[in-house]
Amino acid sequence: MRGSIIVFAGILSVIVLRRKLLCFHWTGMLITMCGLVLVGAKSVFSGRSTRYTPSQSAIGVVLVLFGAFTSAAQMIVEEIYLKRRGYHPLQAVGNEGIFGTVFMLLFALPVVHFIPGPDLNGSYENIADALFQLGSNAVLLVNAILYLISMAWFNYCGFCVARDLSTVHRTLVDALRTAFVWIVSLILYYTAGHQFGEPFEISWGLIELNGFALLVIGTLIYNQVMDLSFIPVCQKQLVAKPDSEQMN
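Each chain carries its own residue numbering, running from 1 in the direction its sequence is written. In view of the model being predicted, local features appear only for residues whose pLDDT reaches at least 70, and side-chain atom pairs are presented and counted only at 80 or more, with totals across whole chains, interfaces and linings using the full set of residues. To obtain the side-chain values, all non-hydrogen atoms of the structure were included, while hydrogens and water were left out.

UniProt positions are given in the numbering used here, feature names are shortened, and annotations may be inferred rather than shown by experiment. Among the UniProt annotations of the chain, the heading Subcellular location (unreviewed entry) holds the following wording: "Membrane".

Draft legend 1. Focus on the overall build of the chain. By definition, any uninterrupted DSSP run of H or I lasting at least four residues is a helix, any uninterrupted run of E lasting at least two residues is a strand, and each is numbered from the N terminus. If you tally the helices and strands in the chain, you get 9 helices and 0 strands. Each helix (α) and strand (β) of the chain, taken in turn from the N terminus, gives the series α-α-α-α-α-α-α-α-α. Accessible area is worked out with a 1.4 Å probe on protein chains only. A residue is then buried under 20% of its type maximum, exposed over 50%, and partly exposed in between. Out of the 248 residues belonging to the chain, those deemed buried represent 29%. In the chain, once contacts between residues fewer than 6 apart in sequence are set aside, the share between residues at least 24 apart is 66%. To measure how exposed things are, a 1.4 Å probe is used in the Shrake-Rupley method; for residues, cover is taken only from the protein chains shown. With the model as given, the accessible surface of the chain reaches about 15300 Å², and the carbon-plus-sulfur share is 71%. The criterion used for residue contact is that any of the two residues' heavy atoms lie within 4.5 Å.

Draft legend 2. The arrangement of the environment of T171 in detail. Take T171: it is sitting in helix α7 (residues 167-191). Aside from chain neighbours lying at most four places away, what touches T171 is I5, I6, A9 and M75.

Draft legend 3. Molecular detail of the environment of F114. In this structure, F114 sits in helix α4 (residues 89-114). With relative accessibility at 69%, the residue F114 sits in the exposed group. A sequence separation of 13 residues divides F114 from I127, and the C-alpha atoms of the two residues are 9.8 Å apart.

Draft legend 4. Seen up close, the packing of α4 against helix α6 (residues 138-164). Every axis in this analysis is a line fitted to C-alpha atoms, fitted for helices over the stretch in contact. Angles between the N-to-C directions lie between 0 and 180 degrees. Two numbers describe how α4 lies on α6: the axes approach to 9 Å, and their chain directions differ by 130°. Taken together, α4 and α6 sit at an angle that is classed as oblique. With respect to the hand of their crossing, α4 and α6 are arranged in right-handed fashion. Contacts between α4 and α6 involve P89, L90, A92, V93 and E96 from the first element and A152, N155, Y156, F159, C160 and R163 from the second. Within the contact of α4 with α6, the residues separate by chemical class into 8 nonpolar, 1 polar and 2 charged. Under this scheme an angle from 65 to 115 degrees is roughly perpendicular, one under 35 degrees roughly parallel, and one over 145 degrees roughly antiparallel; angles in between are oblique. The crossing is said to be left-handed when, going from far helix to near helix, the turn is anticlockwise and less than a right angle, and right-handed when the turn is clockwise. Only Asp, Glu, Lys and Arg are considered charged, only Ala, Val, Leu, Ile, Met, Phe, Trp, Tyr, Cys and Pro nonpolar, and every remaining residue, Gly among them, polar.

Draft legend 5. Representation of the pattern of salt bridges in the model. We count a salt bridge whenever a side-chain nitrogen from Lys or Arg sits within 4 Å of a carboxyl oxygen from Asp or Glu. For the structure on display, the rule yields 5 salt bridges. Here E79 makes a salt bridge to K83, at a shortest N to O gap of 3.3 Å. Of the two residues, E79 and K83 both sit in helix α3 (residues 54-83), 4 residues apart, roughly one turn of that helix. A relative accessible area of 0% means that E79 is categorised as buried. On the accessibility criterion, K83 (23% relative accessible area) is partly exposed. What emerges from the salt-bridge pattern is a single network uniting R19, E79 and K83.

Draft legend 6. Representation of the UniProt feature "transmembrane region" (unreviewed entry) in the chain. Following the UniProt record, one finds the feature "transmembrane region" (unreviewed entry) at residues 21-45, 57-77, 98-118, 138-159, 171-190 and 202-222. Helix makes up 100% of residues 57-77 and strand 0%, whereas the separation of the span's terminal C-alpha atoms amounts to 30 Å. When the span residues 98-118 is considered, its composition is 81% helix and 0% strand, and the gap between its end C-alpha atoms is 30 Å.

Draft legend 7. Summary view of the packing of aromatic side chains. Pairing of aromatic side chains requires ring centres within 6.5 Å, counting the rings of Phe and Tyr and the six-membered ring of Trp. Pairs whose planes differ by under 30 degrees are stacked, by over 60 edge-to-face, and all others tilted. The tally for this structure, following the rule as stated, stands at 8 aromatic pairs. Between the aromatic rings of W182 and F200, the centroid separation amounts to 6.1 Å while the plane-to-plane angle is 50°, which identifies the pairing as tilted. Taken together, the residues W182 in helix α7 and F200 in the loop between α7 and α8 (202-222) connect sequence positions 18 residues apart. Aromatic pair W182 and F212: ring centres 4.9 Å apart, planes at 40°, arrangement tilted. Taken together, the positions of W182 in helix α7 and F212 in helix α8 put the pair 30 residues apart, joining distant regions of the chain.

Draft legend 8. Here's a closer look at a nonpolar patch on the surface. Put simply, a patch holds well-exposed residues, over 30% relative accessible area, that have no salt bridge, with like charges counted together within 9 Å and Val, Leu, Ile, Met, Phe, Trp or Tyr side chains within 5 Å. A cluster of nonpolar side chains, namely I98, F99, V102, F103, M104, L105, L106, F107, V111, I115 and Y124, defines an oily patch on the protein surface of about 1100 Å² accessible area. Look at I115 and you get partly exposed, because its relative accessible area is 37%.

Draft legend 9. Representation of the side chain of R170 within the structure. Here R170 lies in helix α7. Each residue touching R170, except ones within four places of it in the same chain, is listed here: M75, E78, G158, F159, V161 and A162.

Written out as structure tokens, the structure reads:
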């Protein structure tokens, strides 16, 4: 379901940015989304989701689709600011970081602190306890700081891709991140004494490999690295370089 962000980004780029996506663009996006479906099939059908009722699963699907749509809309708005208004990627990262910090401190964290939950003192997320853990555990604090730095760098790279190419390119590259996470997870599992990562299962592992192959193929098709001239609909469109990646 998360792969739907690619399709949403393509649809919104046509509606909002007035881009013209051609046959091979849609083909590449759909193949990439199919690859993400295969990669995520393990968590759905391997028995880990049997504790949820059909209604809960349906609500989860709707929420994921809504989240993918809003994420795609956010990326489209970010591309407008980067290309049409001349924002530098670092400026965009800083503005979003400041806004997100203020929103979390003034609204999100206080709300989850007073919502009943399993955390300390019956809170859903106890802010004081979280700060105490960060202050009393150097390893946890260092990991939190490294996480913030990595997210800032990740967003900066995403903004650069959106500025120089397009939002759809950004979502396609982001989809390939799943493959790298899986590879690192396998390496950690077999090199760190089975304490981290996950093992390679023959049944689901082969399905995931096929999914990752589709991710790469879809990205190559979208960028015209792979030739689709054998498809009659795409043959004429591949003659000239499309102007679909130019901002109107």
